[in-house]
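Each chain, letter by letter, is given below.
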Number of protein chains: 4
Amino acid sequence: MFLKKIKTPGLSHLSYILGSNGKAAVIDPRRDCEIYLEIASQQGLEITHIFETHRNEDLITGSPHLGQMTKAKIYHGPNAAGPIAFADIISDQQEFKIGNIKVVALETPGHTKDHVAYAFYDENHDDGAVGVFTGDALFVGDVGRTDFYPDEMKEMAGALYDSLHKVMDLGDQALIYPAHGAGSVCGSGMAEREFSSICHERKNNPRLQLSKAEFVDAKVNEVHYQPPYFENMERLNLVGAGPVPRVLVPKVLSFSEFKGQRFDVLIDVRDTMSFASGHMKGAISLPVGMLPAFGGWFLNKDQKIGLIGDSMDQLSQAMEHLWRIGFDDIVGGYTGFVKSVAQGGAFDRIPTLSTRTVKKRIEEADENWVLLDVRAQDEVEKIKIDEAQHVYIGHLNEAWEDLDPQKHYTLMCASGQRATVAAGWLQSKGFSQVDIYLGSMGAWQAER
Amino acid sequence: MFLKKIKTPGLSHLSYILGSNGKAAVIDPRRDCEIYLEIASQQGLEITHIFETHRNEDLITGSPHLGQMTKAKIYHGPNAAGPIAFADIISDQQEFKIGNIKVVALETPGHTKDHVAYAFYDENHDDGAVGVFTGDALFVGDVGRTDFYPDEMKEMAGALYDSLHKVMDLGDQALIYPAHGAGSVCGSGMAEREFSSICHERKNNPRLQLSKAEFVDAKVNEVHYQPPYFENMERLNLVGAGPVPRVLVPKVLSFSEFKGQRFDVLIDVRDTMSFASGHMKGAISLPVGMLPAFGGWFLNKDQKIGLIGDSMDQLSQAMEHLWRIGFDDIVGGYTGFVKSVAQGGAFDRIPTLSTRTVKKRIEEADENWVLLDVRAQDEVEKIKIDEAQHVYIGHLNEAWEDLDPQKHYTLMCASGQRATVAAGWLQSKGFSQVDIYLGSMGAWQAER
Amino acid sequence: MFLKKIKTPGLSHLSYILGSNGKAAVIDPRRDCEIYLEIASQQGLEITHIFETHRNEDLITGSPHLGQMTKAKIYHGPNAAGPIAFADIISDQQEFKIGNIKVVALETPGHTKDHVAYAFYDENHDDGAVGVFTGDALFVGDVGRTDFYPDEMKEMAGALYDSLHKVMDLGDQALIYPAHGAGSVCGSGMAEREFSSICHERKNNPRLQLSKAEFVDAKVNEVHYQPPYFENMERLNLVGAGPVPRVLVPKVLSFSEFKGQRFDVLIDVRDTMSFASGHMKGAISLPVGMLPAFGGWFLNKDQKIGLIGDSMDQLSQAMEHLWRIGFDDIVGGYTGFVKSVAQGGAFDRIPTLSTRTVKKRIEEADENWVLLDVRAQDEVEKIKIDEAQHVYIGHLNEAWEDLDPQKHYTLMCASGQRATVAAGWLQSKGFSQVDIYLGSMGAWQAER
Amino acid sequence: MFLKKIKTPGLSHLSYILGSNGKAAVIDPRRDCEIYLEIASQQGLEITHIFETHRNEDLITGSPHLGQMTKAKIYHGPNAAGPIAFADIISDQQEFKIGNIKVVALETPGHTKDHVAYAFYDENHDDGAVGVFTGDALFVGDVGRTDFYPDEMKEMAGALYDSLHKVMDLGDQALIYPAHGAGSVCGSGMAEREFSSICHERKNNPRLQLSKAEFVDAKVNEVHYQPPYFENMERLNLVGAGPVPRVLVPKVLSFSEFKGQRFDVLIDVRDTMSFASGHMKGAISLPVGMLPAFGGWFLNKDQKIGLIGDSMDQLSQAMEHLWRIGFDDIVGGYTGFVKSVAQGGAFDRIPTLSTRTVKKRIEEADENWVLLDVRAQDEVEKIKIDEAQHVYIGHLNEAWEDLDPQKHYTLMCASGQRATVAAGWLQSKGFSQVDIYLGSMGAWQAER
């Protein structure tokens with residue numbers, strides 16, 4: 001039995017290839033899906049089955065394209081938001097054979113209505129499932145979110161409770177293979193470990209210690225954010241999105257070509273500190289590592305995108321992230337910001353401030369000055385600076401219209417990274433007085 | 001100025017990417033052409049021009065697909081055998097700019113009628129061309145073959161003579177960048193070096209020491225072989241062949257699936273010695289390294305191909321070679337010949353003989369026994385065993401019909417490799433008594 | 001928490017790197033140990049601890065060298081056969097901290113007397129160990145062998161029983177991380193899976209279903225082979241062997257240099273079928289993939305080794321395998337057997353036979369002919385050909401002296417691979433009539 | 001004949017491996033020299049000769065270590081500053097055989113007194129050398145510097161003139177293979193091409209168009225900078241420096257460990273814009289790409305070095321650069337500057353200014369304000385801002401003591417990169433008012 005986890009960084013998405021005796025199944029393939037075929041071939045496996053645990057809202061499925069390349073059948077659970085154009089619908093307890101492995105589908109609604117987990121058994125040691133692909137139902141140390149159907153919050157939470165117990169009924173021996181690891185937007189509280197067993201989760205996962213009533217109550221009171229791109233994902237994962245380009249690099253543009261291009265949005269993917277020292281006028285900051293988590297808040301479907309980065313490698317990586325979440329219209333890329341300034345390009349910068357300066361400003365209590373905290377709700381609830389206003393960074397995509405461009409904003413978060421992204425966004429919207437509290441909440445606490 | 005040679009093994013095909021100041025040209029791209037875009041991107045170059053030196057007869061051009069991926073224009077010389085569907089036709093002395101490089105087209109017919117060389121100049125040091133892409137006109141130590149128009153042998157040889165002198169007129173300073181290195185079927189006598197200058201060739205290349213009359217005479221008397229697949233190449237290089245698959249691996253088949261498949265031809269791509277010890281009944285031997293040079297003799301257009309190899313890597317490599325020369329219909333692959341026998345698969349073998357045995361047989365002079373030398377004409381002319389018959393290995397694709405399956409054939413070549421391929425071919429055609437003179441001409445000579 | 005398995009092919013040896021919060025431990029590092037430092041560095045981890053589960057008998061430990069490179073402390077269990085020159089001795093229940101991980105040593109004698117398992121706990125989810133490095137005590141589907149102390153077979157088997165129950169007492173939630181996977185010489189019967197939990201093993205592992213008496217009985221009756229190199233391994237793993245060369249490639253020798261060299265043993269590492277068709281006189285067959293398992297039977301400590309292979313890559317791989325098991329004196333390598341024959345080199349071959357021929361010979365019952373089965377005892381017990389003699393392949397290293405070089409031997413195994421190795425060995429000892437039953441037991445059965 | 005160029009980025013150092021018929025020579029190997037052995041092995045070549053063109057002053061030779069690994073002999077020219085501990089001294093016209101290649105040593109003093117070029121001939125096409133390894137005598141578009149013996153400037157320039165003509169006498173056909181490409185500190189004016197022939201240089205290289213008198217005059221008037229580390233290089237290249245570590249990664253340190261360490265110098269290797277936004281107090285800026293060219297000015301022999309970077313990859317690259325120029329004492333590295341601030345770490349920043357601000361300051365003519373241009377002399381001679389003072393960036397290593405820490409310095413260069421390095425250096429020396437003219441001379445010119 002061969003089992004390999006393929007981890008997609010940024011999204012913390014986990015997909016799997018499971019093989020035995022010359023045959024293989026892929027679980028939840030990502031859009032750039034050549035990797036599964038390469039691994040299968042190296043192992044002498046033919047991909048015959050593609051299993052989806054649910055219609056993903058945070059990334060584009062690679063099933064249609066992988067299916068086309070391999071002739072494998074694609075399977076999806078029932079009750080999706082609409083017909084899945086490229087998949088066969090399966091039902092509870094449906095069985096499949098992959099070499100010497102038996103795979104059994106388990107309807108496990110809660111996170112979504114179409115959610116299915118896949119237990120698998122070793123025919124030679126078959127007292128209980130060897131493992132289970134738990135999708136977005138059960139994570140290591142956490143469970144899936146249940147807020148996607150606002151009118152049915154309780155029902156979905158209850159359904160997830162039942163589904164989790166159905167999974168646990170597979171027995172303590174089973175290992176769990178979830179669709180996300182720590183860092184995903186699909187559930188906070190995941191452990192940084194990416195391996196566990198049913199037994200370990202049964203004993204340690206906080207959500208599995210609760211009664212059904214407690215569980216539903218806890219889930220209903222969770223605060224989750226839902227970026228606007230989720231909607232696009234969901235649509236594309238019904239109809240199937242096209243494959244990524246064979247060579248994933250943006251068109252190389254010279255500075256003069258770059259200036260001549262018409263972009264709807266200019267993304268500076270360099271790190272936040274580089275952006276703060278100087279960036280092309282009009283560019284927003286979305287460092288390559290933060291693109292998967294925050295790109296979906298600040299980009300709109302069908303925008304023409306221009307990229308600015310340190311190196312072609314960095315631009316290619318950014319392009320990869322963007323394609324994975326469905327932003328495909330990348331017009332071109334430019335490397336070498338300093339070079340652009342030395343060719344007469346206009347630039348902006350955003351100063352960084354220390355705790356000392358922020359404290360002084362708090363003391364001065366200038367009415368025109370605002371300390372704006374862009375962390376998530378649950379972070380703010382744990383600890384905050386009393387004088388700070390709070391707007392979640394993602395919500396700035398619309399909330400900036402309620403802010404006053406005449407005022408002076410100092411952005412803060414936990415360390416200064418998200419603060420820079422937020423500051424760049426405000427600056428691009430015409431806010432001329434923005435700066436960054438470097439170290440932010442961390443530095444503030446360390447001071448004490 | 002950036003210049004990188006991309007060498008395609010087996011075919012000894014050399015293509016190039018030439019860049020300057022953010023722009024790049026590709027010369028004679030091969031069919032699996034993603035590599036040029038990857039290199040260009042790493043170097044921050046946009047591919048804007050694709051230059052073909054001539055319509056290749058020995059490999060499929062990647063120009064149409066690379067053109068589509070990059071939007072670069074494709075250029076080809078005039079007088080091709082038909083309209084080139086995907087290229088613009090250029091004329092002598094036409095100039096192009098690639099960053100700070102000037103490229104000048106030089107009509108240089110002789111090898112083919114549409115042949116063009118491309119000289120390039122460094123705008124900062126412009127006393128004479130820096131180099132010239134000589135295509136199949138001028139090689140290191142040799143010149144192109146001129147036998148493709150049987151009725152115009154003299155005219156083509158004369159044309160090549162003039163073309164070569166046109167190239168040499170670029171000046172002694174110029175470096176030469178040919179389309180083939182040693183080992184190609186496009187000209188014997190190439191040096192094993194892959195770098196040279198006009199001056200060095202002017203002094204050392206044997207063909208450049210001759211008068212025009214001598215040159216024409218020499219060329220007309222050369223013996224070249226022309227595999228049947230050349231015709232298919234030529235046709236495909238007029239209309240443009242489709243791209244290679246994104247992941248170049250054959251479908252993995254189990255032995256039972258493999259047996260169940262209908263192949264038109266079964267190719268065993270393991271090394272010749274493995275084949276000789278045992279191979280599936282009906283398989284022919286074309287070791288992966290010999291596929292590019294000999295595949296075109298023994299395979300027919302549109303055949304369904306099955307592959308047998310040692311490893312998936314080897315099969316993938318074989319598939320790559322086959323796609324490059326237009327044999328695209330690979331139904332699937334199987335690894336593990338010994339395993340197949342252990343599952344009851346039928347096998348054949350071909351014994352290897354030593355010089356001692358061959359000598360004994362020559363002495364015995366059994367009328368039923370034939371020592372068959374499959375080397376090329378020019379090798380036989382240099383040295384041979386008097387008692388041996390000669391049929392060039394490639395010609396066995398048809399000449400086997402003139403041989404007598406009731407006789408006993410011992411195959412020989414220079415070392416035993418080609419002899420094994422030939423023996424496998426005969427065996428697949430029903431010759432039951434074949435064996436291999438291991439060491440062949442080399443061992444024969446060493447004995448003395 | 002970061003956990004990565006490093007699998008050493010051939011030996012089926014599994015080592016691990018376990019990290020948390022900037023620190024890491026390595027469990028059972030192999031001799032070519034740069035890989036652990038590279039992984040650690042990529043993950044931003046400092047290797048601070050090296051844990052050995054026991055003194056390995058089948059491969060050379062990399063602990064001394066890795067310790068030197070990282071300044072990490074090395075830990076080993078008590079009761080080793082002698083003082084471990086490079087390690088600190090630990091005792092039962094000793095605890096270690098690796099970032100947020102707690103590691104607890106568990107004395108688990110049985111396979112060896114110094115055996116220690118290492119349980120590890122996640123400080124954030126600490127109800128039960130997350131996993132346990134079980135060394136050679138508990139495998140997926142099997143348990144360790146207990147035959148290394150011939151006079152204390154029962155005691156050791158009993159000790160292992162107790163150790164296994166000590167490991168199982170860690171709880172059903174714990175994942176198991178053994179030191180070997182399927183294919184190792186350290187225990188037959190391992191599942192081809194390489195992941196499991198205590199609970200799954202408790203339910204499915206056949207050895208864990210037994211009472212202590214049954215268990216001891218079963219273990220005492222197991223037949224294991226013990227190649228002579230184990231002794232050398234054990235010695236080297238007390239004192240610590242030197243590091244592998246920085247670049248692991250054999251000295252490239254031309255054929256004339258190769259002939260001129262004095263080797264104690266010539267190993268042909270090409271596949272068995274190539275060897276059978278022809279090989280240099282005097283060479284033995286140990287295909288690169290079989291070197292780790294069988295090299296230790298046919299090579300002697302301190303022999304000067306010459307290598308013959310298809311490619312430099314293959315030779316490098318062979319050299320890697322040899323260093324890992326302590327055969328360091330590799331004088332040089334040669335590629336291109338056919339080329340050597342074409343230069344006048346002498347060669348031998350070994351014919352392959354089909355089932356039909358073997359059956360005919362059995363019928364003929366020539367007294368001079370022997371069908372020699374070289375499979376392991378447990379394979380023979382399952383199924384055999386009545387007319388065959390049996391000598392385990394490894395035992396031929398000495399048992400050949402009891403065979404009659406005047407007789408005609410047909411070698412067989414399960415498929416023909418080991419038969420070829422055995423045939424090559426006999427031929428190198430002067431047996432002039434050897435051949436290979438291709439397909440062997442597999443083909444025999446398929447026939448029926 | 002096999003010839004491969006190995007380019008060491010940053011230093012623009014070019015070394016070569018030249019092979020034929022199973023044997024190979026390496027020319028001017030760098031310190032991390034495993035790469036040559038790996039290439040040789042892949043090509044089936046045994047490295048038998050190591051040739052040094054001269055005692056390098058800008059990087060550490062790998063000859064001693066490569067010699068030890070391969071048993072190859074090392075050759076060096078006569079008249080070095082002292083005995084070369086690890087090499088044989090050769091004399092003019094000495095010949096060597098590498099397979100079918102003849103190598104001829106040519107004493108070519110001028111750059112250094114021990115300089116030797118190596119011409120090589122193809123035995124099969126031997127009318128004139130195929131190429132010549134020109135070391136630091138002849139580059140593409142330029143010639144070597146001759147300022148290393150201050151009292152013998154004229155003599156050395158004259159010697160180089162004669163040496164160049166000796167090289168040119170090899171004939172127009174010869175290709176040239178220099179030891180440096182554009183970007184090296186060993187000669188300005190190199191073409192960005194890295195390939196040329198004697199003929200092309202004879203026609204186009206500006207220095208080869210001069211009479212001897214003109215040549216000497218021109219060379220004597222060149223201004224070159226000589227970083228202090230050259231002296232250390234020269235010393236180490238007489239005695240031979242130790243090998244680089246097997247795995248070239250700095251010890252991973254946490255922030256608290258990092259703070260606790262005693263470093264003599266803290267190098268921030270992130271890009272200049274990141275540094276400007278914020279950096280640990282006391283750190284100097286040497287971005288990884290600028291380390292090879294500028295590290296030697298600001299670092300002292302035997303300093304304990306701490307590294308700060310964006311990623312482990314970046315730190316490893318920095319470490320590689322440092323080892324290549326002999327700064328071996330790297331105590332450890334830290335990644336994640338923002339994280340350090342969020343843990344309470346103190347930081348500094350340096351503002352970036354636009355042309356508009358600089359112009360305003362020039363108009364204001366504040367006596368306390370200085371615009372400091374740190375470009376090289378030849379850049380300043382071409383174009384400058386009249387109001388700017390000039391100190392070459394490298395000279396700031398000592399010249400800072402002559403500047404006034406009470407004054408306000410705005411640093412400028414061509415674009416702002418070197419200005420940032422200079423500003424960081426001044427700030428680390430206690431200058432509290434420094435800023436960076438972003439775009440610098442380029443932006444100034446673009447404005448007009």
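Residues numbered from 1 in each chain as written. Chains lettered and ligands numbered in written order. Predicted model: local features only at pLDDT ≥ 70, side-chain atom pairs only at ≥ 80, totals over all residues. Heavy atoms only, no water.

Assigned secondary structure in chain A consists of 16 helices and 25 strands. In summary, chain A has a C-alpha radius of gyration of 24 Å against a globular reference of 22 Å for 448 residues, a match within 12%. Oriented by its inertia axes, the alpha-carbon framework of chain A measures out at about 70 × 50 × 35 Å. A total of 448 residues make up chain A; the buried ones form 65% of that total. For chain A, the exposed surface amounts to about 15800 Å²; the carbon and sulfur share of it is 45%. Across chain A, 44 positive and 61 negative side-chain charges occur, with their mean positions spaced 4 Å apart. (Helix = DSSP H or I, 4+ residues; strand = E, 2+ residues; numbered from the N terminus. Rg over C-alpha atoms; globule rule 2.2 N^0.38 Å. Buried < 20%, exposed > 50% of the residue type's maximum accessible area, 1.4 Å probe, protein only. Areas by Shrake-Rupley, 256 points an atom, 1.4 Å probe, with all protein chains shown as cover. Lys, Arg positive; Asp, Glu negative; His and termini not counted. Charge placed at Lys NZ, Arg CZ, Asp CG, Glu CD.)

All names here are of chain B. Here we have 4 strands laid out as an open sheet, ordered S17-S15-S18-S19, and parallel in their pairing. Of all strands in the sheet, those bounded by a partner on one side alone are strand S17 (284–285) and strand S19 (330–335). The strands touched by helix H10 (residues 312–324) are strand S15 (265–268), strand S18 (305–309) and S19; relative to S18, the strand with the most contacts, the crossing angle is about 145 degrees. (Pairing = 2+ DSSP bridges. Contact = heavy atoms within 4.5 Å. Axes fitted to C-alpha atoms, helices over the stretch in contact; angles between N-to-C directions.)

Here the focus is the relation of the copies chain A and chain D. Expressed as a screw operation, the relation of chain A to chain D combines 0.0 Å of axial shift with a rotation of 180 degrees, fitting to an RMSD of 0.0 Å. Given the turn and translation reported, the copies of this chain are related as if by a two-fold rotation axis. Distance from the rotation axis, computed per C-alpha, reaches its smallest value in chain A at Ser274(A): 2.1 Å. (Least-squares fit on C-alpha atoms with pLDDT ≥ 70 in both.)

Further remarks concern the relation of the copies chain C and chain B. What connects the two chain copies is a rotation about an axis and a shift along it. Mapping chain C onto chain B is achieved by rotating through 180 degrees and translating by 0.0 Å along the same axis, at an RMSD of 0.0 Å. Interface residue correspondence from chain C to chain B reaches 100%, placing this contact among same-surface, isologous pairings.

In this section: the interface of chain A and chain D. Contacts between the two partners involve 26 residues from chain A and, on the opposite side, 25 residues from chain D. Taken together, both faces of the contact between chain A and chain D bury some 1900 Å²; the carbon and sulfur share is 63%. The interface formed by chain A and chain D contains 10 residue pairs in polar contact (both at pLDDT 80 or more). For the side of chain A that touches chain D, the elements supplying multiple residues, two or more each, are helix H8 (272–277), helix H11 (337–341), strand S21 (352–353) and helix H16 (440–447) of chain A. (Buried area = accessible area lost by both parts, 1.4 Å probe. Polar contact = N/O pair within 3.5 Å; in protein donor to acceptor, adjacent residues only side chain to side chain.)

All names here are of chain C. For Ile47, the position within the fold is in strand S4 (residues 46–51). Classification of Ile47 by relative accessible area gives buried; the value is 3%. Each C-alpha atom, one on Ile47 and one on Ala25, is 5.6 Å from the other, the two residues being 22 residues apart in sequence. Excluding residues that lie within four positions of it along the chain, Ile47 makes contacts with Ile17, Ala24, Val26, Tyr36, Leu37, Ala40, Leu66, Thr70 and Ala72.

Moving on to the packing of helix H3 (residues 153–168) of chain A against helix H5 (residues 212–220) of chain A. The description of two packed helices rests on the angle between their axes and on the distance between the axes. Residues and elements named next belong to chain A. With their axes 9 Å apart at the nearest point, H3 and H5 run at an angle of 130 degrees to one another. On the basis of the axis angle, H3 is oblique to H5. The two elements H3 and H5 cross, and the hand of that crossing is right-handed. Two secondary-structure elements touch here, H3 through Met153, Lys154, Ala157, Gly158, Leu160, Tyr161, Asp162 and Leu164 and H5 through Lys212, Phe215, Val216, Lys219 and Val220. Across the contact of H3 with H5, the residue classes tally to 8 nonpolar, 1 polar and 4 charged. (Parallel < 35°, antiparallel > 145°, perpendicular 65-115°, else oblique. Left-handed = near helix turned anticlockwise from the far one by under 90°. Nonpolar A, V, L, I, M, F, W, Y, C, P; charged D, E, K, R; others polar.)

Residues and elements named next belong to chain B. Within the secondary structure, His180 is located in the loop between strand S13 (175–178) and strand S14 (196–197). A relative accessible area of 2% means that His180 is categorised as buried. In terms of polar contacts, His180 uses its side chain to reach the backbone carbonyl oxygen of Leu11, at 3.4 Å. Here Asp58 takes part through its side chain, which lies 3.0 Å from a polar atom of the side chain of His180.

Moving on to the pairing of strand S15 (residues 265–268) of chain A. Residues and elements named next belong to chain A. Residues Val265 and Ile267 of S15 are buried on one face, and the alternating residues Leu266 and Asp268, pointing to the opposite face, are buried as well. Inspection of the sheet shows S15 paired to strand S18 (residues 305–309) by 4 bridges, in the parallel sense. Residue pairing in the sheet places Val265 in a bridge with Ile305 of S18. Bridge count for S15 against strand S17 (residues 284–285) is 2 bridges, and the pairing is parallel. Across the sheet, Ile267 pairs through a bridge with Ile284, a residue of S17.

Residues and elements named next belong to chain C. Spatially, 4 strands are ordered S17-S15-S18-S19 in an open sheet, and the strand pairing comes out parallel. At either margin of the open sheet sits one strand with a lone partner, and together these are strand S17 (284–285) and strand S19 (330–335). Of the pairings in the sheet, the one linking strand S18 (residues 305–309) to S19 comprises 5 bridges and is parallel in character. In the sheet register, Ile308 faces S19, and the bridge partner there is Tyr334.

Another aspect to go through is the confidence of the model for chain A. Do not read the predicted coordinates in detail wherever pLDDT is low. Taken as a whole, chain A shows an average pLDDT of 95; of its residues, 99% reach a score of 70 or greater. Confidence metrics for the complex model read pTM 0.95 and ipTM 0.95. (pLDDT = per-residue confidence, 0-100.)

This next bit is on the state of the cysteines. Tallied over the entire structure, the rule returns 0 disulfides over all chains. This cysteine, Cys199(C), is not joined by any disulfide, and Cys199(A) carries the nearest cysteine sulfur, 6.4 Å off. (Disulfide = S-S within 2.5 Å.)

Turning next to unusual backbone geometry. The phi torsion at Ser12(B) lies on the positive side, around 50 degrees, for a residue other than glycine. The buried category is assigned to Ser12(B), whose relative accessible area is 8%.

The next point concerns the interface of chain C and chain B. In this assembly, 27 residues from chain C lie in contact with 27 residues from chain B. Summing the contributions of chain C and of chain B, the shared interface buries around 1900 Å²; its carbon and sulfur component is 63%. Where chain C meets chain B, there are 0 salt bridges. Secondary structure elements with two or more residues in the side of chain C that touches chain B: helix H8 (272–277), helix H11 (337–342), strand S21 (352–353) and helix H16 (440–447) of chain C. (Salt bridge = Lys/Arg side-chain N within 4 Å of Asp/Glu carboxyl O.)

Here we come to a negative patch on the surface. Taken together, Glu363(A), Glu364(A), Asp366(A) and Glu367(A) make up a surface patch of like negative charges. Given a relative accessible area of 52%, Glu364(A) falls into the exposed group. (Patch = residues over 30% accessible without salt bridge, like charges linked within 9 Å, V, L, I, M, F, W, Y side chains within 5 Å.)

Applying the stated criterion to the full structure yields 108 salt bridges over all chains. Here the residues in one salt-bridge network are Lys23(A), Glu46(A), Lys251(B) and Glu257(B), joined through shared partners.

Turning next to H5(A). The complete set of buried residues in H5(A) reads Phe215(A), Val216(A) and Lys219(A). Looking straight down H5(A), one finds its buried side chains confined to an arc of 95 degrees; they lie on one side. (Arc of directions from axis to C-beta.)

The next thing to look at is helix H2 (residues 63–70) of chain C. Within H2(C), 6 of the 8 residues are buried, which leaves the element mostly enclosed by the surrounding structure. Looking one or two residues past H2(C), Lys71(C) carries a phi angle of roughly 65 degrees, positive in sign.

In this section: the packing of aromatic side chains. Tallying each qualifying case throughout the model produces 92 aromatic pairs over all chains. By way of ring pairs, the aromatic residues Tyr16(A), Phe120(A), Phe133(A), Tyr177(A) and Phe195(C) are connected into one cluster. One residue, Lys102(A), lies across the ring of Tyr121(A), its end atom 4.7 Å from the ring centre. When the ring centre of Trp444(C) is taken as reference, the NZ or CZ atom of Lys359(C) above it lies at 5.2 Å. (Phe/Tyr/Trp six-rings, centres within 6.5 Å; stacked < 30°, edge-to-face > 60°. Lys NZ or Arg CZ within 6 Å of the ring centre and 35° of its normal.)

All right, on to the environment of Asp328(D) then. Residues and elements named next belong to chain D. With respect to the secondary-structure elements, Asp328 resides in the loop between helix H10 (312–324) and strand S19 (330–335). As a C-alpha pair, Asp328 and Pro245 span 83 residues in sequence and 9.7 Å in three-dimensional space. Filtering out sequence-adjacent residues up to four positions away, Asp328 remains in contact with Arg31 and Trp323. A distance of 2.8 Å separates the side chain of Asp328 from the side chain of Arg31, its partner in a polar contact.

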